[in-house]
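Spelled out from the first residue to the last, the chains are:
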Amino acid sequence: MQLRSAYSYRSDPAVPGFADDHPIIVFDGACIFCSGWVNFVLRHDKQGRYHFITAQSPLGEALYRHYGLDSRDYETNILIENGIAYLKSEGSLRMAAGLGFPWNLANVFRALPRRVRDPLYELVARNRYRIAGRRNSCFVPAPEHRARFLA
């Protein structure tokens, strides 16, 4: 799923300015499952391609609102790439593709229609706290990765 035109958040006064020169993953920092995904990306993103924002940060909440998402219920990660937001299965598959081989093989799932992929994504998203649990505090990156996290 893609929402709005490229870089539409730049003209939204409710969204603070931020460095968008890298693809950005906005994720639920209180979700152990989501934080695990971020740790996976950090381990496998050898080129340092992705930057990150927790959905609970002021910027993360503003982006959720900008894209018409519930800023209290983070049921999707947002991938912002070249100023375009991708949600649900489309965002996740694009994230995996950006990690290179062998993770880009996940692109084969893009052959499935979104009407099949997204309900599966939503099922996991709705149950993510039951699957992995919830953190008592937001995700804190390791010192060597802090520069890749936007405030």
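Please read all numbers here as calculations on a predicted model, not as lab measurements. (Residues numbered from 1 in each chain as written. Predicted model: local features only at pLDDT ≥ 70, side-chain atom pairs only at ≥ 80, totals over all residues. Heavy atoms only, no water.)

**Q** Let's hear about the packing of aromatic side chains: which residues, and what values?
**A** In total, this model carries 7 aromatic pairs according to the counting rule given. Every member of this aromatic cluster is reached through a ring pair, and the members are Tyr-7, Tyr-9 and Phe-18. Geometry around Tyr-86 places Arg-94 over its ring, the cationic atom sitting 4.0 Å from the centre. (Phe/Tyr/Trp six-rings, centres within 6.5 Å; stacked < 30°, edge-to-face > 60°. Lys NZ or Arg CZ within 6 Å of the ring centre and 35° of its normal.)

**Q** Explain the pattern of salt bridges to me, using residue names and the numbers behind them.
**A** Two side chains of opposite charge can pair, provided their charged atoms sit close to one another. Scanning the entire structure with this criterion turns up 8 salt bridges. Residues Glu-90 and Arg-114 are paired through a salt bridge, measuring 3.5 Å at the closest nitrogen-oxygen approach. Of this pair, Glu-90 sits in helix α3 (residues 88–97) while Arg-114 sits in helix α4 (residues 114–126), placing them 24 residues apart in sequence. Judged by its relative accessible area of 37%, Arg-114 is partly exposed. If you follow the salt bridges from partner to partner, you end up with Glu-90, Arg-94, Arg-110, Arg-114 and Arg-117 in one network. (Salt bridge = Lys/Arg side-chain N within 4 Å of Asp/Glu carboxyl O. Helix = DSSP H or I, 4+ residues; strand = E, 2+ residues; numbered from the N terminus. Buried < 20%, exposed > 50% of the residue type's maximum accessible area, 1.4 Å probe, protein only.)

**Q** Before we move on, can you summarise helix α1 (residues 32–44) with the specific residues and values?
**A** When the terminal C-alpha atoms of α1 are compared, their 18 Å separation across 13 residues agrees well with the 18 Å that a helix rising 1.5 Å per residue should span. Packing partners of the buried residues in α1 comprise β2 (24–27), β3 (51–54) and α5 (128–132). (Expected span 1.5 Å × (residues − 1). Contact = heavy atoms within 4.5 Å.)

**Q** Run through the nonpolar core, naming residues and quoting values.
**A** In terms of nonpolar packing, the biggest core is built from 18 residues, with Phe-18, Val-26, Leu-63, Ile-78 and Ile-80 touching the most fellow members. Those elements that provide at least two residues to this core are β2, α2 (58–66), β4 (78–81) and β5 (84–87). At 4 residues, α2 tops the list of elements feeding residues into this core. Judged by nonpolar contacts, the second largest core, of 17 residues, contains Ile-25, Cys-34, Tyr-50 and Leu-99. (Core = buried A, V, L, I, M, F, W, Y, C linked by side-chain atoms within 4.5 Å.)

**Q** So what's going on with the layout of surface pockets? Which residues, and what values?
**A** Computed from the structure, the largest pocket encloses a volume of approximately 540 Å³. Along its surface, the largest pocket is lined by 19 residues, and Ser-89, Ser-92, Leu-120, Tyr-121 and Val-124 are the ones closest to its centre. Elements with a minimum of two residues in the lining of the largest pocket: α1, α3 and α4. Counting residues per element, the lining of the largest pocket draws most heavily on α4, at 5 residues. (1 Å grid on protein atoms, 1.4 Å probe; cavity = no way out; pocket = protein on both sides within 12 Å on 5 of 7 lines; lining within 4 Å. Points joined across faces, edges and corners; volume = space filled by probe spheres on them.)

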